Amino acid sequence: MNVLILTGAGISAESGIPTFRDANGLWEGHAVEEVATPQGFARNPDLVHEFYNQRRRALLNPEIQPNAAHVALADFEREHLENGRGDFFLVTQNIDNLHQRAGSQNVLAMHGQLLQVRCLYSEEIFDWTGDLSVDTPHPEDPDNDSMRGCLRPNVVWFGEMPIGLTQIEKAATKADLFIAIGTSGVVYPAAGIVAQTPPHCRRIEVNLDDTPASSAFDETIRGAASVEIPKLLNHFSAM
Ligand code: BV8
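To keep things clear, this report deals only with the structure shown in the data block.

### Some points on the nonpolar core
The biggest cluster of nonpolar side chains holds 19 residues, and the ones touching the most others in it are Ile5, Leu73, Ile179, Ile181, Ile204, Ile229 and Leu233. Among the secondary structure elements, those contributing two or more residues to this core are β1 (3-7), α5 (68-82), β2 (88-92), β7 (177-181), β8 (202-207) and α8 (225-238). Element by element, the count of residues in this core is highest for α8, at 5 residues. Judged by nonpolar contacts, the second largest core, of 18 residues, contains Leu4, Leu108, Ala171 and Ala180.

Structure representation (structure tokens):
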């Protein structure tokens, strides 16, 4: 049984990371166009850097830890692969590192990672935990003032190409089980992955609420990811 998982901000909500579209969400107080597009970054880099600096600092708060849903996914993946039950691939829209910290191995962060930055000129990617600003020197050329401010968050903004679409499509077309967890199903191409799965694939949506994508799923489980995911994966482990 080939398993494909797609997660969104809802899986990290119970770890204390705000979602985008729930009350007090990340987009509140910020127009997406201002803080999550290349045009917004070009227009006001200080605003965009501050938006991501706040989120990077928050993510590094020791109180932010993977929750039971992240852990259950990592445990299921290990057991599924150790027992040769088929492929396992976890695609996340989240830019936090909670899946990786929970021990998931086959993770594709299709919208990039908050703890990485990218050079605007060389496209080189660096792990990064500090703040970024328009004055940040290039880590490999710190004395070169002309290179100051050449780093941007290594995240996919609106209008930019998500990471690993070919890999995702390949996994989707051979999936026997597809579970979408904690995503509002409004952002493409992530929300279109369910439609790439084959007719026989079992498609399950785990969310607190109905979403615009719900009708594309065979089964919808309404509840918190930290409660429903361990239960659901235990069911499949026992099969
Ligand atoms: C693309 C990273 C071209 C940054 C994000 C006009 C111009 C350009 C593009 C477009 C356009 N019109 C439409 C588009 C396409 C656009 C798009 O889809 N727009 C939408 C808004 C209409 N998409 C793009 O631009 C993408 N790129 O199209 O490039 C292309 C594409 C294909 C091939 C060639 C070229 C790039 C989109 C990526 C943008 N970056 N994030 C950052 O994080 O700052 S998007 C961001 O929002 C997330 O990454 C995620 O993808 C998206 C949705 O968020 P969710 O994760 O779903 O979270 P949300 O808050 O919405 O929902 C949370 C859910 O969890 C809720 O349902 C809630 O009920 C549930 N929940 C809450 N708590 C729990 C829970 N569930 C369970 N348990 C709980 N405890």
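### Some thoughts on the packing of α5 against α8
Orientation of α5 relative to α8, taken along the N-to-C sense of each, is 15 degrees, at an axis distance of 8 Å. The angle between α5 and α8 falls in the class roughly parallel. The handedness of the crossing between α5 and α8 is left-handed. Packed against α5, whose contacting residues are Ala68, Ala69, Ala72, Leu73, Phe76 and Glu79, the element α8 presents Ala225, Ser226, Ile229, Pro230, Leu233, Phe236 and Ser237 at the interface.

### Quick notes on the site of the ligand
Surrounding the ligand, one finds 35 residues, the nearest of these being Arg21, Arg55, Gln93, Gly159 and Ser184. In this structure, alanine 225 approaches the ligand through a main-chain N or O atom, which is 2.9 Å from a nitrogen atom. Here the ligand occupies the largest pocket. Those elements that provide at least two residues to the shell around the ligand are α1 (10-13) and α4 (45-59). In terms of residue class, the shell around the ligand is made up of 18 nonpolar, 11 polar and 6 charged.

### Points about the pattern of salt bridges
Scanning the entire structure with this criterion turns up 13 salt bridges. Note that aspartate 145 is salt-bridged to arginine 148, the shortest N-O span being 3.2 Å. In this structure arginine 148 comes out as partly exposed when scored by relative accessible area, which is 38%. Between glutamate 228 and lysine 231 there is a salt bridge; the shortest N-O distance is 3.4 Å. Of this pair, glutamate 228 and lysine 231 are both found in helix α8, 3 residues apart, which corresponds to roughly one turn of the helix. Connected through shared salt-bridge partners, Glu50, Arg57 and Asp131 make up one network.

### Remarks on a negative patch on the surface
Together, Glu124, Glu140, Asp141 and Asp143 give the surface a local cluster of negative charge. Counting through the fold element by element, aspartate 143 comes out in the loop between β5 (125-127) and β6 (151-155). We classify aspartate 143 as exposed; its relative accessible area is 72%.

### Some words on α5
For α5, with 15 residues, the first-to-last C-alpha span of 21 Å sits near the 21 Å given by 1.5 Å per residue. Listed as buried for α5 are Ala69, His70, Ala72, Leu73, Ala74, Phe76, Glu77 and His80. Its buried side turned inward, α5 meets β1, α1, β2, α6 (98-102), β7 and α8. The residue sitting at the N-terminus of α5 and contributing the capping side-chain oxygen is asparagine 67; that oxygen lies 2.8 Å from the backbone nitrogen of alanine 69.

### Topic: empty space enclosed by the protein
The tally for this structure, following the rule as stated, stands at 1 cavity of 30 Å³ or more. By volume, the largest cavity amounts to about 90 Å³. Lining the largest cavity we find 15 residues, and of these Leu6, Thr183, Gly185, Ala213 and Phe217 sit closest to its centre. Looking at side-chain class alone, the lining of the largest cavity contains 10 nonpolar, 4 polar and 1 charged residues.

Criteria and thresholds
- Residues numbered from 1 in each chain as written.
- Predicted model: local features only at pLDDT ≥ 70, side-chain atom pairs only at ≥ 80, totals over all residues.
- Heavy atoms only, no water.
- Core = buried A, V, L, I, M, F, W, Y, C linked by side-chain atoms within 4.5 Å.
- Buried < 20%, exposed > 50% of the residue type's maximum accessible area, 1.4 Å probe, protein only.
- Helix = DSSP H or I, 4+ residues; strand = E, 2+ residues; numbered from the N terminus.
- Axes fitted to C-alpha atoms, helices over the stretch in contact; angles between N-to-C directions.
- Parallel < 35°, antiparallel > 145°, perpendicular 65-115°, else oblique.
- Left-handed = near helix turned anticlockwise from the far one by under 90°.
- Contact = heavy atoms within 4.5 Å.
- Near = heavy atom within 4 Å.
- Polar contact = N/O pair within 3.5 Å; in protein donor to acceptor, adjacent residues only side chain to side chain.
- 1 Å grid on protein atoms, 1.4 Å probe; cavity = no way out; pocket = protein on both sides within 12 Å on 5 of 7 lines; lining within 4 Å.
- Sits in = over half its atoms within 2 Å of the grid points.
- Nonpolar A, V, L, I, M, F, W, Y, C, P; charged D, E, K, R; others polar.
- Salt bridge = Lys/Arg side-chain N within 4 Å of Asp/Glu carboxyl O.
- Patch = residues over 30% accessible without salt bridge, like charges linked within 9 Å, V, L, I, M, F, W, Y side chains within 5 Å.
- Areas by Shrake-Rupley, 256 points an atom, 1.4 Å probe, with all protein chains shown as cover.
- Lys, Arg positive; Asp, Glu negative; His and termini not counted.
- Charge placed at Lys NZ, Arg CZ, Asp CG, Glu CD.
- Expected span 1.5 Å × (residues − 1).
- Points joined across faces, edges and corners; volume = space filled by probe spheres on them.

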